Amino acid sequence: MTALRATALVALAALAAGCQSDDTADDPAAAPVTTASTAPPASTEPFAATSTPAVTAANTAEVCGEVDRLILAGSKKLAADSAEATRDKATADELNSRLKQTIAGLAGDVREQAARAEDPEIEKLIADVAKQLDGGAKAASPAKWMGDTFVDIPPRLARECHA
């Protein structure tokens with residue numbers, strides 16, 4: 001039963017990772033405090049050095065948004081699968097089977113979004129995420145995979161999948 005609870009905790013951690021956003025760049029209250037004598041001059045273009053090219057495919061925002069929605073829904077489903085397995089006193093094999101099925105379905109849904117992407121870089125990014133999910137569906141321990149790999153997917157998408 002301890003393995004089931006650990007899996008449920010990993011699923012909840014994955015869900016939390018999928019729900020977090022990095023709002024500190026836009027939140028002046030979250031910026032580090034500096035004194036007037038040491039503060040660098042304010043930039044009129046806050047993201048000029050790291051901004052992305054202005055030209056992107058027309059459907060990039062839509063595709064990236066849908067992938068985010070799918071990852072969040074998948075995280076919730078994985079947490080629900082784990083919680084249900086704990087309530088049902090499922091065996092580790094039964095839990096693994098549930099998690100693998102959910103991850104495989106998520107991989108297929110994400111792959112469909114990759115096919116829709118008009119921007120080749122976004123298509124490759126999302127296809128790579130689908131491949132990572134395929135790995136989780138085939139992992140001997142999907143709960144371990146979730147803690148090692150799945151939790152890194154939402155931050156990567158937040159960094160790299162944008163309009």
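Rules behind the numbers
Residues numbered from 1 in each chain as written. Predicted model: local features only at pLDDT ≥ 70, side-chain atom pairs only at ≥ 80, totals over all residues. Heavy atoms only, no water. Salt bridge = Lys/Arg side-chain N within 4 Å of Asp/Glu carboxyl O. Helix = DSSP H or I, 4+ residues; strand = E, 2+ residues; numbered from the N terminus. Buried < 20%, exposed > 50% of the residue type's maximum accessible area, 1.4 Å probe, protein only. Expected span 1.5 Å × (residues − 1). Disulfide = S-S within 2.5 Å. pLDDT = per-residue confidence, 0-100. Contact = heavy atoms within 4.5 Å. Phe/Tyr/Trp six-rings, centres within 6.5 Å; stacked < 30°, edge-to-face > 60°. Arc of directions from axis to C-beta.

Side note on the pattern of salt bridges
Then, number 1: Tallied over the entire structure, the rule returns 11 salt bridges.
Then, number 2: The salt bridge involving Lys124 is made with Asp128; its shortest N-O contact spans 3.0 Å. Placement of the pair is Lys124 and Asp128 together in helix 4 (residues 120-138), with a separation of 4 residues, close to one helical turn.
Then, number 3: On the basis of relative accessibility, which here comes to 52%, the residue Lys124 falls in the exposed class.
Then, number 4: For Asp148, the salt bridge goes to Lys144, with nearest N and O atoms at 2.6 Å. With Asp148 and Lys144 both in helix 5 (residues 142-148) and 4 residues apart, the pair spans about one turn of that helix.
Then, number 5: When its relative accessible area of 44% is taken as the criterion, Asp148 is described as partly exposed.
Then, number 6: On the basis of relative accessible area, Lys144 is assigned to the exposed category, the value being 52%.

Observations regarding helix 2 (residues 60-87)
Then, number 1: A rise of 1.5 Å per residue sets the reference length of helix 2, with its 28 residues, at 40 Å; its end C-alpha atoms lie 40 Å apart and thus fit the reference within 8%.
Then, number 2: Immediately beyond the C-terminal end of helix 2, within one or two residues, lies Lys89, with a positive phi of roughly 55°.

Comments concerning the state of the cysteines
Then, number 1: As enumerated under the stated definition, the model contains 1 disulfide in all.
Then, number 2: Each disulfide pairs two cysteine sulfurs, and for Cys64 the partner residue is Cys161, the sulfurs being separated by 1.9 Å. One quick way to see it: the torsion about the S-S bond of Cys64 and Cys161 is about -90°, and its sign makes the bridge left-handed. With Cys64 in helix 2 and Cys161 in the segment after helix 6 (153-160), this pair connects stretches of sequence that are 97 residues apart. The residues Cys64 and Cys161 share a single accessibility class, namely buried.

Some thoughts on the confidence of the model for the protein
Then, number 1: Taken residue by residue, the protein gives an average pLDDT of 77. The fraction at 70 or more is 65%.
Then, number 2: For residues 1-13, every residue scores under 50 in pLDDT, and the model assigns this stretch 25 contacts once sequence neighbours within four places are set aside.
Then, number 3: This stretch, residues 15-55, has a pLDDT under 50; its non-local contacts, to residues over four places away or in other chains, come to 15 contacts.

Description of the environment of Cys64
Then, number 1: Under the relative-accessibility criterion, Cys64 is labelled buried at 4%.
Then, number 2: Each C-alpha atom, one on Cys64 and one on Ala117, is 8.6 Å from the other, the two residues being 53 residues apart in sequence.
Then, number 3: In this view, Cys64 contacts Ile122, Cys161 and His162; residues no more than four positions away in its chain are not counted.

A look at the packing of aromatic side chains
Then, number 1: Counting across every chain of the model gives 1 aromatic pair.
Then, number 2: Between Trp145 and Phe150 the ring centres are 5.8 Å apart and the planes differ by 45°, which places this aromatic pair in the tilted class. Phe150 shares its class with Trp145; the two are buried.

Section: helix 6
Then, number 1: Listed in full, the buried residues belonging to helix 6 are Ile153, Pro154 and Leu157. On an axial view of helix 6, the arc spanned by its buried residues comes to 100°, and they lie on one face. Turned more than 90 degrees from where helix 6 packs its buried face, Ala158 and Arg159 sit exposed.

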